[in-house]
Every structure is written in structure tokens, then in C-alpha cells.
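Now for the letters of each chain:
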Amino acid sequence: MPASGISLYIHWPFCASKCPYCDFNSHVADSVDHHRWRRGLLAELGYFANETKGRQLTSIFFGGGTPSLMEPETTAALIEAAKTHWQPVDGLEITLEANPSTAETKRFQAFRDAGVNRLSLGVQSFRDSYLGFLGRGHSAAEAMDAIRLAAATFSRFSFDLIYGLPGQTADDFGQDLDQALQLARGHLSVYQLTIEPGTAFHRDAVVAANEDTGAEMYEMCQQRLTVAGMPAYEVSNHAGPGKECRHNLEIWRGGDYVGVGPGAHGHVTGNAGTDSIYQIHQPERWLAAVEAKKHGTAKRQALTPDERAEEILMTGLRLTEGVNQDQFRALTGLELGDRLDPGGLEKMVEGGFLVSDDVGVRVTTTGRLCLNEVLRQLLVA
Amino acid sequence: MSTDLSHIRNFSIVAHIDHGKSTLADRLIQMCGGLTDREMSEQVLDSMELERERGITIKAQTVRLKYKAADGETYQLNLMDTPGHVDFTYEVSRSLAACEGSVLMVDATQGVEAQTLANAYLAINADHEIVPVLNKIDLAAAEPDRIKKQIEEVVGLDVSEALEISAKTGLGVDSVLEALVTHLPAPTGDADAALKALLVDSWYDSYLGVMILVRIKDGVLKKGAKIRMMASGATYQVEKVGYFAPKPVDVSELGPGEIGFITAAIKTVADTQVGDTITEDKRPADEALPGFKPSVPVVFCGLFPVDAGQFEDLRDSLAKLHLNDASFHFDTESSAALGLGFRCGFLGLLHLEIIQQRLEREFDLDLITTAPSVVYKIHTNAGDVKELHNPVDMPDPTHIDFIEEPWINATIIVPDEYLGAVLTLCTDRRGAQTELTYVGSRAMVQYRLPLNEVVIDFYDRLKSVSRGYASFDYELAAYAEGDLVKVSILVNGELVDALSFIVHASHAETRGRAICDKLKDLVPRQLFKIAIQAAIGGNIIARSTVSAMRKDVTAKCYGGDVSRKRKLLDKQKKGKKKMRQFGNVEIPQSAFLEALKTDG
Ligand SMILES: Nc1nc2c(ncn2[C@@H]2O[C@H](COP(=O)(O)OP(=O)(O)OP(=O)(O)O)[C@@H](O)[C@H]2O)c(=O)[nH]1
Ligand SMILES: C[S@@+](CC[C@H](N)C(=O)[O-])C[C@H]1O[C@@H](n2cnc3c(N)ncnc32)[C@H](O)[C@@H]1O
Ligand code: SF4
Ligand SMILES: [Mg+2]
């Protein structure tokens, strides 16, 4: 079922230092050959564009790693190329992830000139002791300066917070939220700290907040951000009306996207169905592959309609709007009702975890907190 | 030709666990040239993998030795190495019935222990001539004189001619061989009389099929003869006759006093009844030998495959093990919590553990074992008596007149300083002290104890309260009426049959609470809160609650994460088989498994 719109994700795998909690595909390199990388990213972009010719480009997202460490010329070249390969929608959203350290804030203007119109800042906290614990290279003051500069430079911006640090109380987190509410303009991402395998925190057996504290902080956050006019539109993402990150929203709804760069992931629908595409993780190996054959795909897998349906439910139910049954049918060719375990569905609706009506299914606030279990009930028949 | 009676000596080596029986057997085999040094290994007769690994004897073994004595004559010595552990007392009794004498070994550093006594009495009751041997005198801590006095006082044996040896170094082992010849009586028997052979043991050998160990009392058992089993009346043609040296050696016949094996195209071990008398079909004996009391399983538990798909494999494996060990019983059992499995009976907890381990190792099965229980006798109002092997099958209390439970006579030998703790333990377990005496500086207490209190965790508790210094032996006594109740465990109001247990009313609440608390920590939180209850009939005696899950959502989910999550979902689908439904919650089987494990 070829969809018309397509989003573009571009991965920049380098960071100034590795944060101890982070399991993203991010690496600290002694030096980066920006010319080679620019050529490599452009080549892979061209490769995928060729495959998806004629589609409408709905958004661009530069993620990382730390894409604000990219040379703005690279960003500009990639945006230019994307706009020529595909037909961009009006007001094309172009997001760039950035870190608040001064080296990067100095380039905000250059990124705007390159075409970036939305900035996503990794603030994490407004308390220096937490920032130190999280291994961040910036202070609270620098974070606030970066936010103010982003507000002045870009028409839209967002920033990330992390809560549930060891020893952190709901009150402590509440203070971070106070600061955040003063500075936010319509969008905020708030993540509970997860100890991911393979990270320094995991190795050091750091113990994050337990389930009850996490739930308490989450509920407080929901309540306060809703009052402030930025309710959750996804598990960890909050926005005022119309201020959502279009790029992520489309991906969570099950839209197509091209993933360019090491470890990037894409979903591309052709006549034969949807392929899940994975690029080579390791930056140097990815670059070598692209230089040899124009793309660094490690694995490409056709999704069965069932798998596709499961993925759409897994991401769609993260959204407050839930899964729309017409859209679901359009994307998978399957009936939403047929894909859900009847016993599980009944149990979830009766328990107040889920709403099911003629529009589709969506979780309640309680249901969203326990989404993994709700999904298990609906999908593991 | 069979050996002249006067030149045969048959003996068992008996002792407490680890006092050195199998090591002495090694030395005797070596000195009589049964095996070359290269073929020799430590405890060479312990051939099962588990025996070697645990360093214990499970199965009695027989070896024929050729010994040239000081008198210049050559003797045939038939040695039977026996297990020391109480669960295998039955093996000891059978061996004793095939011999005229015993070597009673006592570790000279430890002295008389519970199984020393038990096995010495078995030998005395079998009218055996006994050669007391003090072992391990190579050790600095050995006190042969003090231990000799113990043997005299506690066991009542004359120790004036007791031997002092080291089975490990070989010191004094020659004196054992001489004592066997001079102190033990030669067997008696009449070669011309009708054949009378005691069926001592039988097992399945993958090359030779069913093998039978026999002790000839009268007559001659010849290759090719047609034999008759006196109990079953079945007849067979003898194919092979031989003895173990310890490798099998074929001969043409076995005569009176001799011990050896035969094969006779017998299909299964079940066709041979241990203790039966074998005679010749054409000239049968008038009267059978006294035989043995059959062994009875006393400990029962359920064995279930973790993976329901392995049920048939489990059945086949049990059947195979049963070929070599007819002393355990098994019957299919179906449980709502654990699926299809088997109710199995064993001679004791070690026996249970051994069979379970063999199933897991030799047959590669993953098993769940339910809490061990004993055989109750249910007297119904209608006046009949039912044996209850499984708490699940207990009839409604309104149909029950009274229940009887098995009691044991236990002997515990323990250093004085731990006596208080041991007495407290026995009293907590409803024990009644019957005797308290001293073995040197150690106390020897006799207790009457309900077996169901022993099969829970008595050994572990005894070991920990005595720092491992207590030795324990028991024999089954009688059944007695008890105030017994069935405690059921309910999850969200539904019965978890595999966790039901029968317990004395005075302990019901404590045990019920313990299980509820344990399950509370084992059952993962779910969307709905879960009530766990222990009940006697409709009466709730303990409860706990697993509070509802509050948050389990993954914080971030981008691009490739989805596929990872889908794989997790696939795993959950597979794991679904291992989930059991209780009302609106599903509980992983592993929670029950853990609950049972720590209970056992
Ligand atoms: N120092 C010393 N150790 C000995 C002697 N005899 C046996 N042992 C050790 O004591 C331990 C137990 O010996 P086994 O021969 O297996 O004892 P067992 O009586 O057959 O034991 P079960 O069959 O389990 O009842 C082994 O570690 C032997 O090496 C001895 O004379 N001196
Ligand atoms: C790719 S990172 C952001 C990019 C940028 N390099 C930065 O760190 O600011 C996206 C966000 O995910 C969140 N994040 C990363 N690892 C996390 C973890 N283990 N637990 C919770 N949130 C995490 C952080 O808030 C981070 O800003
Ligand atoms: S959190 Fe951001 S800056 Fe830190 S290592 Fe990960 S991608 Fe790099
Ligand atoms: Mg042994």
C-alpha cells in the first residue's frame, strides 16, 4: 500500500563525550573528516531517494549522537538535496537535535540559515549536581542560555528532561519542571531515566527510581503540563495544540520514513509491502560501505501484514490519539478488531485501561502508564 | 567346577556414610589382583555418574576376590559394598541376606554415628558374624581406643580383636583379609539338593539385558538349565552364568555358597522379583527361601515438565529409569497450575533428588517438583480406608472420620553443645522423645516423629542447628491418628492445586502465611491487584496482596526500537505457554516453581 508522504531521518553518530546513561548510536571520535561524511550522507540519501522517487517529503529530522556538531554546510547540503529529490510539503518541518554547550550554541544561527526551523535541546535538568551525575558537558546556566538563544533563533523549539535519578524526590523533579515551564514554548520531552544494557550506568549497577516513585513523578508531570497547556501527545512528549513534532508523530502513526546514516532505521512501503531497513551501526564501517556501494544497509526485511500491524499498534498506542481504525486498514489492509485478542481487549476496556469505539482504540491515562502490559494483553493471544 | 564350601567367605561392608566402605573395597580388589593399577580408580565400584560426583554409594555392588591366605589355601571371597545413606537401607538388607558375615567400619576420627548403629543392628539381626574395623587411622585426629570403647558400649560388640586400618593408604588391610578367613563362618549348603538360589538384585544392562544377582543356597545353577521363579512361576532358560571380578567373568555353573549373576532372556526387570527363590524347573525345591519385605515408597511428590511438550519424554524417561530402579513409583497426574505430569513415590528425599537429577541430566528434561508429602490413611465415614498420595485428592472433610499419618523412630547422634537446639527442632516438629543416652561425649536421642514434618526441611534444619555434626537415621514406625488439615492456596479466589499441602492443624497458619508471603514476592505485579490466600476449606487462615502494577511503559521508542520490542512480544508469545490463568490474571509458572523450590 504505497503511502504518498515520506519523512527523512538523518543520523549523526558523533558526540563530544559519551553520557553514562546513553545507548544511542553515539561515538566519541578524535577527529571527523567532515568532507567524507558529507559525501557519504549525501550518497546514501540519493540512493534511498531514487527508490522513493515522486513521494512527498513531509519532514526532516537530524538526530544523533549530536547533530549540532555537524558542520552547518553539511546540514545545508543535505536539506538542499532532500528538497530536490522529493517534493517538500509547505512549511516543511526540519528538526535538529542539539546540546546546550557553547560550542554548539554559537552555530544556531548558521543552522537556521541552513534551513533548520525546529531545535530540540538535550537539557536533561536544571540542577548542576544532576547534570554532573548524568555526565553532561554543560551547566544549568548554559542550558538556560541555550534555551533563550533557541527561542530567539528558531520559530519552534523543544527540550528534553530526564527524571527518576537515584535519590531524586518528586519535589526535586518538581523544581526542574518549574524551570522548564518558564522556558518552554509549546513542546517538551520528559523521559524517565532507564538503565540500558551496555551503558556505564548499567556496568556500575546504578539503581534508578523504582516503579512507584517513577509513577508518582510521571503522574505529577502529566498533571502539571496539562494545566500548563502542554498535555502529553505521546508517552514522553508534550505539546500545545498544533505544536507536536510532526516528524515523530508521523512515524508513530506508522508513516514511511527513510533512515540515512549509521544505525539509522527506515520503513519504506513499495508495491510489495513495507520493508524494515537497518543501516550498519559502526560509523567507519557504514562510511566505507557507502563509499563502496552508495548505501550502508545492513539488513532489509519485508514485514508481514501481521508484523506491520503489531508495530503500528505498538507505536500508535503510545500516542494519546491512539490507533485510528481507518488509517490502520489503509496501512495494513487488516481490520483493527481482528488484530486484538478479544479476551485481552475486554479485560483492558473493563479495567479502564483502554477505550475502544468506532474511531479506533486508545489508552487511558492509567493504561498509558502500563502500556507494555496492555500491549501484551492485546497482542499476545 | 564350583568352589568347595569351606573355601568361600561371603561378607558385606557396612558403615555410616563416608566411613570408607567403598575405599576399603578398592584396596581389597587391588590386593587380590582384581584390577591392575591402571584400571583402578577411587571408589571403583561407584560407577554411576551421580555416585562419582557426590562421592556416595547408591547401589550395592558385588565383587568376587581370590585370596591366598596365611594358611596357604586360596579362598573365594564375595564382597558386597553397600550404601550408607538411610534412604538405601533396603539395599543393605538385601546384601546382608546373601552373606554370613559383615565388616562394620567406623571412622576412627568420628566414631559411632546413626547409620553405624542402624547397620550394625541389621547385621546382628541377620545373624552375621561381625568384624569391627576402625578406619582412617592415618589421620592425626584418629582415636581408635576411644572409638573402640564406644563400639563396645553403644553397639555391644566385642572389640578385643577389632582391626585398625587405613583404607586409603592400605595400612592393615591385609589383616582384614585374614580376619575374613579366620573369623567368618563358611557358608553351608548341599550341592546335591534341589536348586535354591536367592534373587538378590536385578538390573538392566544395555549389552546383556536383564541381569540377576543370585546367592546359591542349595544345588547347582548351570548354564542352559531351565529355571523357575518360585513366586511368579515363570520359567526361563539360563543363558549366561558368571561373577564380577569386578569385570564380568563367565563360568559354567555356580554352586552352594557362591554369589554370581545369570542372564536368561528375561524381558524386563519387572519380571524379576527381588527376594524371590530361583529353582530348577525339572526338580523344584519344596519350599522357598524367606525372601525380603518389599520396599515401599514413603515420600511422594509431583514431577512436571516445565515445557508441557516434554510430557511424553518424561514418561519415557521415567520408564527407562524404572527398568533399573523398581523402588520408585510413578503415575500420571494432572494439575491446573502445572499441567500434565507424574505423581512419584520414593524411598526418601535423597532418592527423590537422585531420580530428579538423573531425569534432568541423562534425559535432558526441565522439571518442576512439588513439595514432598507422605502417604496418609484416610478413614472415611463410610468406614473404608484410602491411602492418600497427593494432597489434591483429599476428600471433603465432611466425608472424613479421621486421618492417620506415618511416624518414624529417629535416632540422632549429636555433640552435647548442639543438643538443646536439636531437641527444640524435634519438639517443634511434634516429636516425642523416647530415649536420651550418651555415646562418649555425644548425646544419642531417640525421637518419635511424624514423617511429614521430616520431609519438609528437617535435614537442612538439623544440619544448620548442629553445624553439620548431627547424624540422623530413622525407621518407619506405625501410623497414628493426627489432627491433620489440608491447606489450599488460592490466587484471586482460584485454587493453585500444586501448592496444596497437608499439615498438622497447629502448624497450618504459620505454613500458610509463609507461602502467602513468599508468593507475594514471587508473583510479578499485574494490571490488577492479586489476592493470595491460604485456606482450610472455606476458612481463610492467611492472606497477602500483590499490589497492582503502576508503571511499565518504555520511556523512549524510536525507529529501530520498535522491531526490538516486537521481538520481545514474540518471546512473550512463546512464554505464554508457561503462563497459567487465574481469574483475570496470568501467573508465570516460574513463580510456582520458585515457591516450591524454597519450600522443598
Ligand atoms: N584419610 C583417610 N580417608 C579415607 C580413608 N578411607 C576413606 N577415606 C575417605 O573418606 C571419604 C569417603 O570414603 P568412601 O569410601 O566413599 O565412603 P563410603 O563409606 O563408601 O561412603 P557411602 O557409600 O556414601 O556411604 C573419601 O573421601 C575417602 O577418600 C582412610 O583410611 N583415611
Ligand atoms: C539522542 S538523545 C539527544 C541528543 C543529544 N545528543 C543530547 O544528548 O542532548 C535523545 C534524548 O533521549 C533521552 N535519553 C537518552 N538516553 C536515555 C536514557 N537512558 N533514559 C532516559 N532518557 C534518555 C535524553 O533526554 C536525550 O536528550
Ligand atoms: S545523550 Fe546525547 S550527547 Fe549524550 S552520548 Fe547520547 S547522544 Fe551523545
Ligand atoms: Mg560407598
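In this text the structure is predicted, and so the values were computed from the model without any measurement. (Residues numbered from 1 in each chain as written. Chains lettered and ligands numbered in written order. Predicted model: local features only at pLDDT ≥ 70, side-chain atom pairs only at ≥ 80, totals over all residues.)

### Considerations on the sheet that holds strand 10 (residues 226–229) of chain B
Residue and element names in this part refer to chain B. Judged by pairing direction, the sheet is antiparallel, and its 8 strands sit side by side in the order 11-10-16-7-8-15-12-13 without closing on themselves. On the outer flanks of this sheet lie strand 11 (235–237) and strand 13 (248–251), each paired with one strand and no other. Ignoring which end each strand starts from, the neighbouring axes of this sheet average 40° apart. As paired strands, strand 12 (residues 240–244) and strand 13 are joined by 4 bridges and run antiparallel to one another. Of the residues in strand 13, the one forming a bridge with Val241 is Val251. (Pairing = 2+ DSSP bridges. Helix = DSSP H or I, 4+ residues; strand = E, 2+ residues; numbered from the N terminus. Axes fitted to C-alpha atoms, helices over the stretch in contact; angles between N-to-C directions.)

### Some thoughts on the site of ligand 3
All residues in the neighbourhood of ligand 3 are listed as Cys15, Lys18, Cys19, Cys22, Phe24, Ser26, Gly64, Gly65, Thr66, Asn99 and Gly122 of chain A. Residues of the shell around ligand 3, tallied by class, amount to 4 nonpolar, 6 polar and 1 charged. (Near = placed C-beta within 6 Å. Nonpolar A, V, L, I, M, F, W, Y, C, P; charged D, E, K, R; others polar.)

### Remarks on the nonpolar core
Of all hydrophobic cores here, the largest spans 169 residues; its most connected members are Leu104, Val133, Val214, Leu221, Ile412 and Phe592 of chain B. With 7 residues, the single largest contributor to this core is strand 23 (residues 400–415) of chain B. With 108 residues, the next largest nonpolar core counts Val190, Tyr218, Ile251 and Leu379 of chain A among its residues. (Core = buried A, V, L, I, M, F, W, Y, C linked by C-beta atoms within 7 Å. Buried ≥ 20, exposed ≤ 12 C-beta atoms within 10 Å, placed from the backbone.)

### Remarks on the site of ligand 2
Taken together, the neighbourhood of ligand 2 is formed by 19 residues, with Tyr21, Gly122, Asp160, Tyr191 and Thr194 of chain A sitting nearest. Neighbouring residues of ligand 2 are not confined to one chain but are distributed across chains A and B. A breakdown of the residues in the shell around ligand 2 according to their chemical character gives 8 nonpolar, 7 polar and 4 charged.

### Focus: the interface of chain B and chain A
Contacts between chain B and chain A engage 22 residues on the former and 33 residues on the latter. A class-by-class count of the residues in the side of chain B that touches chain A yields 8 nonpolar, 6 polar and 8 charged. (Contact = placed C-beta atoms within 7 Å.)

### So, the sheet that holds strand 20 (residues 367–369) of chain B
All names here are of chain B. With antiparallel pairing, 4 strands are arranged side by side in an open sheet as 18-19-17-20. Both edges of this open sheet fall to strand 18 (329–335) and strand 20, since each of them pairs with a single strand only. Taking each pair of neighbouring strands and ignoring which way they run, the sheet shows an average axis angle of 30°. Direction of pairing for strand 17 (residues 299–305) relative to strand 19 (residues 339–346): antiparallel, over a ladder of 5 bridges. What sits directly across from Phe300, in strand 19, is Gly345.

### Remarks on the domain arrangement of chain A
All names here are of chain A. By the assigned domains, chain A splits into domain 1 (5–251) and domain 2 (306–378). The C-alpha-based centres of domain 1 and domain 2 are spaced at 28 Å. Taken together, the 7 residues of domain 1 in the interface contact 7 residues of domain 2. Going through the elements one at a time, helix 9 (211–227) and strand 7 (232–234) are the ones with two or more residues in the side of domain 1 that touches domain 2. (Domains from an automatic or database assignment.)

### Here's the deal with the pairing of strand 12 of chain B
Residue and element names in this part refer to chain B. Two strands pair when backbone bridges link them, and strand 12 and strand 15 (residues 259–263) are joined in this way by 3 bridges, in the antiparallel orientation. Pairing of Lys240 across the sheet is with Thr263, part of strand 15. The loop that links strand 12 with its antiparallel partner strand 13 comprises 3 residues.

### Topic: helix 1 (residues 21–31) of chain B
Residues and elements named next belong to chain B. Across the 11 residues that make up helix 1, a large majority, 9, are buried. Within the sequence span of helix 1, burial applies to Lys21, Ser22, Thr23, Leu24, Ala25, Asp26, Arg27, Leu28 and Ile29. As for helix 1, its buried residues are in contact with strand 1 (8–15), strand 2 (61–68), strand 3 (74–81), strand 4 (101–107) and helix 6 (173–183). One or two steps after helix 1, the chain reaches Gly33, where phi turns positive at roughly 75°.

### Comments concerning helix 12 (residues 305–316) of chain A
All names here are of chain A. Taking 1.5 Å per residue, 12 residues should reach 16 Å; helix 12 reaches 16 Å between its end C-alpha atoms and fits that length. Of all 12 residues making up helix 12, 9 are buried, and the element is well covered by its neighbours. By the burial criterion, the buried members of helix 12 are Arg308, Ala309, Glu310, Glu311, Ile312, Leu313, Met314, Thr315 and Gly316. (Expected span 1.5 Å × (residues − 1).)

### Overview of the packing of helix 9 (residues 416–428) of chain B against helix 10 (residues 451–465) of chain B
Residue and element names in this part refer to chain B. Two numbers describe how helix 9 lies on helix 10: the axes approach to 9 Å, and their chain directions differ by 160°. Here helix 9 is positioned roughly antiparallel relative to helix 10, judged by the angle of their axes. Between helix 9 and helix 10 the crossing geometry is right-handed. On helix 10, the residues that touch Tyr418, Ala421, Val422 and Leu425 of helix 9 are Arg461, Leu462 and Val465. Tallied by class, the residues present in the contact of helix 9 with helix 10 amount to 6 nonpolar, no polar and 1 charged. (Parallel < 35°, antiparallel > 145°, perpendicular 65-115°, else oblique. Left-handed = near helix turned anticlockwise from the far one by under 90°.)

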